[in-house]
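# Descriptive analysis of the structure
The lines below spell out each chain.
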Amino acid sequence: MGQPNGMFTYANSALVLIDYQPPMFAAIRSEIPAEVVELNVRALIKSAKAMDMPVVLSSVGVRSGTNAATLESIANELPDYPILDRSTMNAWEDTAFKDQVVATGRPRLIFAALWTEICLVYPVISALADGYDAMVVVDAVGGTSQLAHETGIQRLTAAGAAPTTTRACVDELFRDWRTPQGAAWRDEILKPWYLPALQELSKAHPDARWAVN
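Residues numbered from 1 in each chain as written. Predicted model: local features only at pLDDT ≥ 70, side-chain atom pairs only at ≥ 80, totals over all residues. Heavy atoms only, no water.

In the nomenclature of an unreviewed UniProt entry, the protein corresponds to Isochorismatase family protein from the organism Streptacidiphilus cavernicola.

Put into structure tokens, the structure is as follows:
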């Protein structure tokens, strides 16, 4: 549907978020702490909304009573968006979820999910098989171990997904500070909120690969 090695833009991409629920956050054991994952997911949402990009949000097991609802801070970023709850391990195998992704009309999908090795890997591989281009935001996801997370990312890249980070993803989407999208990211999200929050979290982990000065 696109050129797999080409650049993603806000005009040809949709943001797909899967299973950001308290039990999933509690089980993260990979290198990006849960609070950093939460911050990065919220930054992705804010930037997508600023660029008028479609967002698809899914949860698992809420209606059946086996899982808690989407983390409140993330759900609050999307108050007018339906949260598609499902029972399938692979979100792509849920008809309502897949239909909503298809309805965005975007050929490129930016994925983030908990956990990396399951809820991210399965739908990304399925979307690639259906002809979509996929990008995975590696610092907005986490696995139940570092090995599980790394193995999941390796499987995704082998399948053709493009790995990226939150800041790199958003900058790629607009690519020009003179655009309204670039100005909104810089003046409304990046400088007043995202960087200060990330710097504060970095103080406790100064040597971490995700930390900033």
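### Some points on the nonpolar core
Counting 65 residues, the largest nonpolar core has Leu17, Tyr20, Phe97, Leu109, Ile110, Phe111 and Val124 as the members making the most contacts within it. The element contributing the most residues to this core is helix 2 (residues 34-50), with eight residues. (Core = buried A, V, L, I, M, F, W, Y, C linked by side-chain atoms within 4.5 Å. Buried < 20%, exposed > 50% of the residue type's maximum accessible area, 1.4 Å probe, protein only. Helix = DSSP H or I, 4+ residues; strand = E, 2+ residues; numbered from the N terminus.)

### Remarks on the packing of aromatic side chains
Following the criterion strictly, the structure yields six aromatic pairs and no others. Between the aromatic rings of Trp92 and Phe97, the centroid separation amounts to 6.3 Å while the plane-to-plane angle is 70°, which identifies the pairing as edge-to-face. When sorted by exposure, Trp92 lands in the same class as Phe97, which is buried. Ring centres of Phe174 and Trp177 lie 5.0 Å apart, and the angle between their planes is 55°; on these two criteria the pair is classed as tilted. Within the aromatic cluster, the residues linked to one another by ring pairs are Trp92, Phe97 and Tyr132. Just above the ring of Trp193 sits the side chain of Lys46; from NZ or CZ to the centre is 4.9 Å. The ring of Phe8 carries the charged tip of Arg108 above its face, separated from the ring centre by 4.7 Å. (Phe/Tyr/Trp six-rings, centres within 6.5 Å; stacked < 30°, edge-to-face > 60°. Lys NZ or Arg CZ within 6 Å of the ring centre and 35° of its normal.)

### A word on the sheet that holds strand 3 (residues 83-86)
Taken in spatial order, the six strands line up as 3-2-1-4-5-6 in an open sheet, and their pairing is parallel. Each of the sheet's edge strands pairs with one partner strand only, and the pair in question is strand 3 and strand 6 (162-164). Each strand of the sheet is rotated relative to its neighbour by a mean of 25°, with strand direction disregarded. Running at roughly 170° to strand 2 (residues 55-60), helix 4 (residues 95-103) makes contact with strand 1 (13-18), strand 2, strand 3 and strand 4 (108-113) of the sheet. (Pairing = 2+ DSSP bridges. Axes fitted to C-alpha atoms, helices over the stretch in contact; angles between N-to-C directions. Contact = heavy atoms within 4.5 Å.)

### A few points about the pattern of salt bridges
A complete count under the given rule lists eleven salt bridges for this structure. A salt bridge links Asp85 to Arg63, with the shortest nitrogen-to-oxygen separation between them at 3.5 Å. Residue Asp85 is located in strand 3, and its partner Arg63 is located in the loop between strand 2 and helix 3 (72-75); the two are separated by 22 residues in the primary sequence. Classification of Asp85 by relative accessible area gives buried; the value is 12%. When its relative accessible area of 69% is taken as the criterion, Arg63 is described as exposed. Close ionic contact of Arg167 with Asp171 constitutes a salt bridge, the shortest N to O distance being 3.1 Å. Of the two residues, Arg167 and Asp171 are both situated in helix 7 (residues 166-174); the distance of four residues between them amounts to about one turn of the helix. Look at Asp171 and you get partly exposed, because its relative accessible area is 23%. (Salt bridge = Lys/Arg side-chain N within 4 Å of Asp/Glu carboxyl O.)

### Considerations on the UniProt feature "domain: Isochorismatase-like" (unreviewed entry) in the protein
In this numbering, the UniProt entry assigns the feature "domain: Isochorismatase-like" (unreviewed entry) to residues 13-167. Helix makes up 42% of residues 13-167 and strand 19%, and the two end C-alpha atoms of the span are 16 Å apart. (UniProt positions renumbered as here; feature names shortened; annotations may be inferred.)

### Observations concerning the packing of helix 5 (residues 116-129) against helix 6 (residues 146-159)
Each packed pair of helices is defined by two parameters, the angle between the axes and the distance between the axes. Helix 6 packs onto helix 5 with a crossing angle of 5° between their chain directions and a minimal axis gap of 9 Å. On the basis of their axis angle, the class for helix 5 and helix 6 is roughly parallel. Along the contact surface, helix 5 presents Thr116, Glu117, Leu120, Val121, Tyr122, Val124, Ile125 and Leu128, while helix 6 presents Ala148, His149, Gly152, Ile153, Arg155, Leu156 and Ala159. Split into classes, the residues belonging to the contact of helix 5 with helix 6 amount to ten nonpolar, three polar and two charged. (Parallel < 35°, antiparallel > 145°, perpendicular 65-115°, else oblique. Nonpolar A, V, L, I, M, F, W, Y, C, P; charged D, E, K, R; others polar.)

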